[in-house]
Structure formats: structure tokens, C-alpha cells
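Fold and geometry: a report
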Amino acid sequence: MVFGSGTRVTVRTKEQYEPEVYELSDTKTNEKVCLATGFTRHNLMKDWTAFSGTEASQIVEDGKPTGVYNQVAVLEAGQECGNTTEKADEPCAASLEPDEMVNLASLTVFGLRVIFMKTVVFNVLMTLRLWISQ
């Protein structure tokens, strides 16, 4: 919230969480990104060189902000992420859980596309039949 020029009010939670930092890489393209997650201060990562030029985004659950932030930075060649939380011998155990609403929306969109395509094909066939009969 900003009041006039130079006055800013920031509301923070009581709990202070330090970021968990992960370096993620793509084996095919050799691109690396640095992910900082689970921290409570919006500008906490501004002093890290890898995160300069990026901005933290707040985690939202059920449409409500949680006060916890994530920040992602694409690393240049030779650039390091910094102090990472991950251990080299531990595999990444992330899993995505299916969401029923996303599945329903996907099926609905697919059904509407099928109906639309059937309508287009029917109209083209009827137009061709009309042209041929004249």
C-alpha cells in the first residue's frame, strides 16, 4: 500500500521463514534455474546476485494469500545458485496430485471442441452437396 510519494505500508506475518533454495537443471538443454521457496519477507532475496532482476510472487491457497513467497531466477552460464537446501544424493521426490476441477474443465473443453468440429464438418458437407446439386 502506498500513500503519496515515498510512503509505503507493509504488513508482515509474525513468523519468519528462511527460504529453501533449490538449483534445478534440464539435462537436455543444460539450462539451470534457481528456486527459492517458503520465505516470508518479500524482498529477502534482493541481495542474492542470482535473483537480481526477478521479483518474488506470493503463494495463494484457495484464493487467499498466505504471506509466503516463491522466487525463480534463470542462471547464466557459470553462475551459481548459492547455498542450496537440496542434498546431492537425494532424488527429487516431488509429485503432482490430480485435481478433479482441472480434469472436469479439460473434458468439458474437449467435448465443446468435438461438437464444434462436427458442426463445421456438417456445414461444409451440406454446402458441397448444395453446390453439386445445382
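Since the structure is predicted, the reported quantities are computational estimates derived from the model, not experimental observations.

Strand direction decides the pairing type here: strand 3 (residues 57-61) and strand 4 (residues 64-75), joined by four bridges, are antiparallel. If you follow Gln 58 over to strand 4, its bridge partner there is Tyr 69. If you look at the hairpin formed by strand 3 and strand 4, you'll find two residues sitting between the two strands, and Asp 62 has a positive phi there, around 55°.

Take the side chain of Gln 71 next. Along the chain, the position of Gln 71 falls in strand 4. For Gln 71, the contacting residues outside a window of four places in its chain are Cys 34, Leu 35, Ala 36, Phe 39, Met 45, Phe 51, Thr 54, Glu 55 and Ala 56.

What follows is about the sheet that holds strand 4. Spatially, the four strands line up as an open sheet ordered 1-2-4-3, and their pairing is antiparallel. Looking along the sheet, the strands with just one partner apiece sit at the ends: strand 1 (20-25) and strand 3. Sheet twist, expressed as the mean angle between neighbouring strand axes with direction ignored, is 30°. Alignment of strand 1 against strand 2 (residues 32-39), held across six bridges, turns out to be antiparallel. If you follow Ser 25 over to strand 2, its bridge partner there is Lys 32.

Conventions adopted
Residues numbered from 1 in each chain as written. Predicted model: local features only at pLDDT ≥ 70, side-chain atom pairs only at ≥ 80, totals over all residues. Heavy atoms only, no water. Pairing = 2+ DSSP bridges. Helix = DSSP H or I, 4+ residues; strand = E, 2+ residues; numbered from the N terminus. Contact = heavy atoms within 4.5 Å. Axes fitted to C-alpha atoms, helices over the stretch in contact; angles between N-to-C directions.

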